[in-house]
Amino acid sequence: MAPFARAAFVVAFFGLELAGIAWGQRAPDHVLGFQMFNETSRLTIHLFREVERNRKRVLLPVADGRWKAPDANGKLRDYAWQDRVRYSPLDVLEKSVHARYGLAGQLFHLQAALDDVVRHIPDDESTRALVAKVDTMKNGAPGPQLQLRAEKP
Amino acid sequence: MMDSWLSEERDAHVLGLLRVAFATLLLSLTLRLLRELSLGPYFGDVFHMPLLPESLVPTRQVYGLLLGCQALGCVLALLGVLARPALLLAALCGLYGFFCDRLQYHNNRYELLLLTFLVSLTPCDRSFCLFGSSRPGTAPRWAARLVGAQLAIVYLASSLGKLADADWRNGAVLLPRFALGQPFVAHYISTSVAGLLAAPWFAHAAAVAAISSELFLALGLWFPATRALCLWLGVMFHVGIELTARVELFSYTMLSGYLAFVTPELRERSVSWNARSQAGQLLGWLCSRLDFLARFRHEQVDGQATLMVARDRSGLAHSGLSAWRELARATPLLFPLWLPLRVLTWGERQERN
């Protein structure tokens, strides 16, 4: 490889990588950003289904991530959060877990997980939305309880 | 300067070891991914978040094939058969799979793949080949500098990220981590040391030390005057991380990358052992085996007054503790002893031969 081609490669390679780092520093999960040990935060996820009762929407807790709901024919079917979400720490419910790569990153992933799961339960006729209430602890200090929600399409 | 940097040719022997190290590390990661694929669901079939467009996420079968190619590339690189293209193939397969799901993102995996890619561009196929003959001599070494730069970028990005974060600077991030280790320390070491781990000032001091270390590692490796100290600090830093945190292959990846900073020229130092002493014969044999970076000319001298005499690059002869210091400085497995020996021999006068 000629020196000019080597120089061009160096500029292209590190230019792309540094652009990735700059983007990653701003991304909630710091992907590509080389942010090691960036937080010591924890989260506890409480999962709920939003269903209609007497023309009102109410939240039903989803124990262990499992629920039963009727399909269009009225037949009860089994559903599980962990059927789709195999990713740790989001597969653990009702238990405080370490928020790998930071709280913001895991909340970002959790919102995407909720969106993903509601897209994959078309047969569930009763669930209108999935809601996650999240207890947070950022770097040892208790934070607010946050609520994330994904409406079924 | 840039031009000479891009066109310099130096001995390529050490780069073979760099290839062996990264092929081994990537093979280890690949086997882990293959095991996960065989035991659990494929990430593309469950919730995932690709960095590439979803249409480019492979099917389970194609992903399995990619991992197979990756493993094969690593094995070939390890054996020295078509070593550079094989390592390049392994790195590219790995990077492609890596960008298919950001949920599987790990800094250490990304760094390993980038470094493996860069190592494949170096003349790393000229030594440490199980099949085929070695080709000693000089070769273009520009890509080895990129391996070093890649290490520096990681240290710099990590330290600047921490420096910009108030929680990191004041120790709030480290304090809960230290709290996790408190029961262990109280049980196996002492309660007073465990008490130290609960002190905010200690966490603050540790945070300042960690940020300073990473900054020093990013910059100090490039200057001959600070390189040895920097490498020693880096070894201690990564051994410490390895012992106290679960970071997959991160420590091994970074420590292997340090090989890019080894002076390329071989056997510029010498070490001679007293051939009449049994200890001299045994230690001489052992040190020659540990010298896989080929730093020393190994000699057995009849009637040498001391057990061992080491000569540094400038030809200065060292005996006693100073000789052990010189040996530790250039022998990877003894390197952790270098700084303690350097401190112990600080005031000793060197004897010019």
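As shown above, the structure is provided for reference.
Bear in mind the structure is a predicted one, so any value in this text is a computation, not a measurement.

### As for the overall build of chain B
Phase 1 of the analysis: Secondary structure assignment for chain B yields 15 helices and six strands.
Phase 2 of the analysis: With respect to the three principal axes, the spread of C-alpha positions in chain B is 75 × 60 × 45 Å.
Phase 3 of the analysis: Across the 353 residues of chain B, 49% fall into the buried class.
Phase 4 of the analysis: The contacts of chain B with a sequence gap of at least 6 include a subset with a gap of at least 24, amounting to 72%.

### Observations regarding the pattern of salt bridges
Residue and element names in this part refer to chain A.
Phase 1 of the analysis: Per the stated rule, a full pass over the model turns up 23 salt bridges over all chains.
Phase 2 of the analysis: Close ionic contact of Arg77 with Asp71 constitutes a salt bridge, the shortest N to O distance being 3.1 Å.
Phase 3 of the analysis: Residues participating in the shared-partner salt-bridge network are Glu50, Arg57, Arg149 and Glu151.

### Quick look at the sheet that holds strand β4 (residues 296-301) of chain B
Residues and elements named next belong to chain B.
Phase 1 of the analysis: One open sheet holds the four strands; their spatial order is β4-β3-β5-β6, and the pairing between them is mixed. Edge positions in the sheet fall to β4 and β6 (317-319), since each of these pairs with one other strand and no more. Across the sheet, the mean angle from the axis of one strand to that of its neighbour is 20 degrees, orientation sign disregarded.
Phase 2 of the analysis: With respect to the sheet, helix α13 (residues 278-290) is in contact with β3 (269-274) and β4, its orientation differing from that of β3 by roughly 155 degrees.

### Description of the pairing of strand β4 (residues 76-80) of chain A
Residues and elements named next belong to chain A.
Phase 1 of the analysis: The pairing of strand β3 (residues 66-70) with β4 spans five bridges and is antiparallel. Note on β4: the bridge partner recorded for Lys68 is Asp78.
Phase 2 of the analysis: As consecutive antiparallel partners, β3 and β4 are separated by five residues, and within that stretch Gly74 has a phi angle of approximately 85 degrees, a positive value.

### Comments concerning the interface of chain B and chain A
Phase 1 of the analysis: At the junction of the two partners, chain B supplies 45 residues and chain A supplies 42 residues.
Phase 2 of the analysis: Between chain B and chain A the total buried area reaches about 3,800 Å² when both faces are included, carbon and sulfur atoms providing 69% of it.
Phase 3 of the analysis: Broken down residue by residue, the surface that chain B buries against chain A is led by B:Phe47, B:Arg102 and B:Asn107, which jointly contribute 18%.
Phase 4 of the analysis: Inspection of the region where chain B meets chain A yields one salt bridge.

### What to know about the state of the cysteines
All names here are of chain B.
Phase 1 of the analysis: In total, this model carries zero disulfides over all chains according to the counting rule given.
Phase 2 of the analysis: Its sulfur unpaired, Cys69 is 5.1 Å from the next cysteine sulfur, which belongs to Cys93.
Phase 3 of the analysis: Here Cys74 stays free of any disulfide, with the sulfur of Cys93 as its closest cysteine sulfur at 9.3 Å.
Phase 4 of the analysis: By relative accessible area, Cys74 is classed as buried at 0%.

### Digging into the packing of helix α2 (residues 13-39) of chain B against helix α5 (residues 107-119) of chain B
Residues and elements named next belong to chain B.
Phase 1 of the analysis: Look at α2 against α5: their axes get within 10 Å of each other, and the N-to-C directions meet at 140 degrees. One finds that α2 runs oblique with respect to α5. With respect to the hand of their crossing, α2 and α5 are arranged in left-handed fashion. Of the residues in α5, those in contact with Leu18, Arg19, Phe22, Leu25, Leu26, Leu29, Arg32 and Leu33 of α2 are Arg109, Leu112, Leu113, Leu115, Thr116 and Val119.
Phase 2 of the analysis: Class assignment of the residues belonging to the contact of α2 with α5 gives a composition of ten nonpolar, one polar and three charged.

### Let's talk about the side chain of A:Ser126
Phase 1 of the analysis: Mapped onto the secondary structure, A:Ser126 falls in the loop between α3 (103-119) and β6 (127-138).
Phase 2 of the analysis: With residues up to four places along the chain from it excluded, the contact list for A:Ser126 reads A:Arg49, A:Glu50, A:Val51, A:Glu52, A:Ala69 and A:Pro70.

### Remarks on α3(A)
All names here are of chain A.
Phase 1 of the analysis: Between its terminal C-alpha atoms α3 stretches 24 Å, which fits the 24 Å expected from 17 residues at 1.5 Å a residue.
Phase 2 of the analysis: In terms of residue burial, α3 counts as a mostly covered element, since twelve of its 17 residues are buried.
Phase 3 of the analysis: Listed as buried for α3 are Leu103, Gly105, Gln106, Leu107, His109, Leu110, Ala112, Ala113, Leu114, Asp116, Val117 and Val118.
Phase 4 of the analysis: Buried residues in α3 make contact with β1 (42-53), β3, α2 (81-84), β6 and β7 (141-151).

### A short note on the layout of surface pockets
Residues and elements named next belong to chain B.
Phase 1 of the analysis: The calculated volume of the second largest pocket comes to roughly 970 Å³.
Phase 2 of the analysis: What lines the second largest pocket is a set of 29 residues, among which Leu231, Val262, Leu293, Pro332 and Phe335 lie closest to the centre.
Phase 3 of the analysis: Listed by contribution, the elements that provide at least two residues to the lining of the second largest pocket are α2, α11 (224-244), α12 (250-257) and α14 (321-330).
Phase 4 of the analysis: In terms of residues, the lining of the second largest pocket owes the most to one element, α11, which gives six residues.

### Quick word on the packing of aromatic side chains
Residues and elements named next belong to chain B.
Phase 1 of the analysis: In total, this model carries 22 aromatic pairs over all chains according to the counting rule given.
Phase 2 of the analysis: When the ring of Tyr42 is compared with that of Phe43, the centres are 4.7 Å apart and the planes differ by 55 degrees; the resulting orientation is tilted.
Phase 3 of the analysis: Taking relative accessible area as the criterion, Phe43 reaches 10% and is therefore assigned buried.
Phase 4 of the analysis: Relative to Tyr105, the ring of Phe98 has its centre 5.5 Å away and its plane inclined at 55 degrees; by these criteria the two rings are tilted. Of the two residues, Phe98 and Tyr105, both sit in the buried class.
Phase 5 of the analysis: The residue whose ring lies beneath Lys162 is Trp168, and the NZ or CZ to ring-centre distance is 5.1 Å.

The rules behind these values
- Residues numbered from 1 in each chain as written.
- Chains lettered and ligands numbered in written order.
- Predicted model: local features only at pLDDT ≥ 70, side-chain atom pairs only at ≥ 80, totals over all residues.
- Heavy atoms only, no water.
- Helix = DSSP H or I, 4+ residues; strand = E, 2+ residues; numbered from the N terminus.
- Buried < 20%, exposed > 50% of the residue type's maximum accessible area, 1.4 Å probe, protein only.
- Contact = heavy atoms within 4.5 Å.
- Salt bridge = Lys/Arg side-chain N within 4 Å of Asp/Glu carboxyl O.
- Pairing = 2+ DSSP bridges.
- Axes fitted to C-alpha atoms, helices over the stretch in contact; angles between N-to-C directions.
- Buried area = accessible area lost by both parts, 1.4 Å probe.
- Disulfide = S-S within 2.5 Å.
- Parallel < 35°, antiparallel > 145°, perpendicular 65-115°, else oblique.
- Left-handed = near helix turned anticlockwise from the far one by under 90°.
- Nonpolar A, V, L, I, M, F, W, Y, C, P; charged D, E, K, R; others polar.
- Expected span 1.5 Å × (residues − 1).
- 1 Å grid on protein atoms, 1.4 Å probe; cavity = no way out; pocket = protein on both sides within 12 Å on 5 of 7 lines; lining within 4 Å.
- Points joined across faces, edges and corners; volume = space filled by probe spheres on them.
- Phe/Tyr/Trp six-rings, centres within 6.5 Å; stacked < 30°, edge-to-face > 60°.
- Lys NZ or Arg CZ within 6 Å of the ring centre and 35° of its normal.

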